Structure formats: C-alpha cells, structure tokens
Amino acid sequence: MSLPHAILTALLEKPSSGLELTRRFDKSIGYFWSATHQQIYRELGRLEAGGLIRTLPAAQPARGQKKSYEVLPAGRAELARWTAAAQDPRSPRDPLLLRLRAAAVVGTAGLEADLRRHLELHRRQLAEYREIEERDFPPGRDTPGDRLRHLVLRAGIDLETFWTRWLASALTEFAELPGEKREEG
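Given the structure is predicted, the values throughout are model-derived calculations rather than measurements. For every chain, the first residue of its written sequence is number 1, and the numbers climb from 1 along that sequence. A pLDDT threshold of at least 70 governs which residues receive local features in this predicted model, and a stricter bar of 80 or more applies before side-chain atom pairs are shown or counted, although totals over entire chains, interfaces and linings include all residues. Only heavy atoms go into the side-chain values, all of them from the structure, while hydrogens and water stay out.

### Some points on the confidence of the model for the protein
We count it as follows: Scored from 0 to 100, pLDDT reflects the predictor's confidence in each residue. Contacts between residues were defined by any pair of non-hydrogen atoms, one from each residue, lying within 4.5 Å.
Across the protein, the average pLDDT comes to 88, with 91% of residues at 70 or higher. Counted against residues more than four places away or in other chains, residues 180-185, with its pLDDT under 50, gives 14 contacts.

This is the structure:
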C-alpha cells in the first residue's frame, strides 16, 4: 500500500483535516500502514497539486484555520484503479529474522531478552486488536464496508497470533541451545 492511497481511502471515509488524518492513522490505519504527521501533510499537498483532492471551502475565512480535504472524482478513480490492479505479495523484511540468522554465526548475546520483549509487544497488540474487534464488530454488523474493515482487522489478529506463537517457539528453541550460546538470566 502506498501513503497516497491510504490517505485517499481515509478521506473517502470522511473528509478531514491533516490533524484529523494523523489521529485516524494513529487509531486505525496506522495498524497496517503508518505515517508521520509530516509525511501526511506533505502527501496532502501532492494530492491537492495533482488534482486528486481539494481543500473544502471554509464557512468563514479565518487566518490559521485548519484546512479540511475531500477527494475529487480523479482521486476516487485513482483509488479504484489502484485497488483493482494486481500486485504480487511482498516478502517479509523483519530485522529480527535477520538478527536470528546472524546469531547463528556470531552468537546469541542479547537476543533472547529481545525475543521476550517482542513476544510481550505482540501479545499487547493482539489484545488491543481483540478489544477493537469486540467493540467495533458486534454480531449483526455486516454491511459490505464493515465486513471488509473486519477482514483487515482479522488479518492483524492472525499476524499477531502467528508472531506470539512463533516467538514462544523461538524461545523454546533458545532454551534448548547448548550452554555456551545461551544467555544467562
């Protein structure tokens, strides 16, 4: 996914200011596509210059008033084109996996503690996703939009479930490594 398409999606869901978009990224879209405040504002400028979005007219002109944006027909068409385009899956690029591979040749010092830290972080994220699912997707909430948003959330739940299981398994492997490679404490 690209940031412009994430922004177009968010603006089609609800016209927003840059600040509102940043908050929405922090609360939802950011779970699978993160962006900084500066990246969002920079991309809003590009999208507006490209004729894909526009600043909503203010009810009363005021200096320092925040701008709100909406998607123009060209922006909707671009998002529809991008959504329909075929895209190959990406290989995961996780530094933790590379660090494990490197540990095979340089030793595991410091790695077991970080695996435990990662496990705790993934457990917390999984709990948060499950809370969101319970709160936002009660039985009977099944419009097409709700079903697709829930599908995205379930992908996050499944990924966090994978990581928690895999990390627990990796820690079991660490417990079985010969003594000279194991960390103490």
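### A few points about the nonpolar core
For the record, the criterion: Nonpolar cores are built from buried Ala, Val, Leu, Ile, Met, Phe, Trp, Tyr and Cys residues. Side-chain atoms within 4.5 Å join them into one set. A simple rule labels every residue: compare its accessible area, found with a 1.4 Å probe on the protein chains alone, to the largest value its type can have, and call it buried under 20%, exposed over 50%, or partly exposed in between. Helix numbers and strand numbers start at the N terminus; a helix is a DSSP run of H or I with at least 4 residues, a strand a run of E with at least 2.
Counting 18 residues, the largest nonpolar core has Ile7, Leu11, Phe25, Leu44 and Ile53 as the members making the most contacts within it. When contributions to this core are tallied by element, the ones reaching two or more residues are helix 1 (3-13), helix 2 (18-27), helix 3 (37-49) and strand 3 (68-71). Setting aside residues up to four positions removed in sequence, isoleucine 53 forms contacts with Leu8, Leu11, Leu44, Leu47, Glu48, Tyr69, Glu70, Val71 and Leu72.

### Structural notes on the packing of aromatic side chains
What counts here: Pairs were defined over the aromatic rings of Phe, Tyr and Trp, the Trp ring being its six-membered one, requiring ring centres within 6.5 Å. Orientation was assigned from the angle between planes: stacked under 30 degrees, edge-to-face over 60, tilted for the rest. The criterion is that NZ of a Lys, or CZ of an Arg, lies within 6 Å of the ring centre and within 35 degrees of the ring normal, and then a charge sits over that ring.
The tally for this structure, following the rule as stated, stands at two aromatic pairs. Between phenylalanine 162 and tryptophan 163 the ring centres are 5.2 Å apart and the planes differ by 70°, which places this aromatic pair in the edge-to-face class. Residue classification places phenylalanine 162 among the partly exposed residues on the basis of a relative accessible area of 43%. Between the aromatic rings of tryptophan 163 and tryptophan 166, the centroid separation amounts to 5.5 Å while the plane-to-plane angle is 85°, which identifies the pairing as edge-to-face. Placement of both tryptophan 163 and tryptophan 166 in helix 7 (residues 144-175) is noted, with a separation of three residues, approximately one turn of the helix. The exposure class assigned to tryptophan 163 is buried, which follows from its relative accessible area of 14%. Positioned above the aromatic ring of phenylalanine 137 is the side chain of arginine 141, whose terminal nitrogen or guanidinium carbon lies 5.6 Å from the ring centre.

### Regarding the packing of helix 5 (residues 95-106) against helix 7
Our working definition: All axes are obtained by fitting lines to C-alpha atoms, using only the stretch in contact for helices, and the reported angles, taken between N-to-C directions, cover 0 to 180 degrees. Angle categories are assigned with fixed cut-offs, so that under 35 degrees is roughly parallel, over 145 is roughly antiparallel, 65 to 115 is roughly perpendicular, and the rest are oblique. Handedness of a crossing is defined here by the sense of rotation of the near helix relative to the far one, left-handed for an anticlockwise turn of less than a right angle and right-handed for a clockwise turn. When residue character is reported, Ala, Val, Leu, Ile, Met, Phe, Trp, Tyr, Cys and Pro are called nonpolar, Asp, Glu, Lys and Arg charged, and the others, Gly included, polar.
Viewed as axis vectors pointing N to C, helix 5 and helix 7 meet at an angle of 15°, and their least axial separation amounts to 14 Å. Considering the angle they form, helix 5 stands roughly parallel to helix 7. Between helix 5 and helix 7 lies a crossing whose hand is left-handed. Between helix 5, through Leu96, Leu97 and Leu100, and helix 7, the contact on the second element is made entirely by Trp163, Trp166, Leu167 and Phe174. Taken together, the residues that form the contact of helix 5 with helix 7 break down as seven nonpolar, no polar and no charged.

### Topic: the pattern of salt bridges
Note the threshold: Between Lys or Arg on one side and Asp or Glu on the other, a salt bridge is scored when a side-chain nitrogen of the former is within 4 Å of a carboxyl oxygen of the latter.
For the structure on display, the rule yields 12 salt bridges. A salt bridge links arginine 46 to glutamate 43; the shortest N-O distance between them is 3.1 Å. Taken together, the positions of arginine 46 and glutamate 43, both in helix 3 and three residues apart, correspond to about one turn of that helix. A relative accessible area of 10% means that glutamate 43 is categorised as buried. One salt-bridge network, in which partners are shared between bridges, spans Arg99, Asp114 and Arg117.

### A few points about helix 5
Using the following cut-off: Multiply 1.5 Å by the residue count of a helix minus one, and that product is the helix's expected span. Polar contacts here mean pairs of N or O atoms no more than 3.5 Å apart (in protein, one a potential hydrogen donor and the other a potential acceptor; neighbouring residues in sequence count only if both atoms are side-chain atoms).
If you check helix 5, its first and last C-alpha atoms are 16 Å apart, about what 12 residues at 1.5 Å a residue would give, namely 16 Å. One side-chain oxygen at the N-terminal end of helix 5 lies 2.8 Å from the backbone nitrogen of leucine 96; it belongs to aspartate 94. Looking one or two residues past helix 5, glycine 107 carries a phi angle of roughly 100°, positive in sign.

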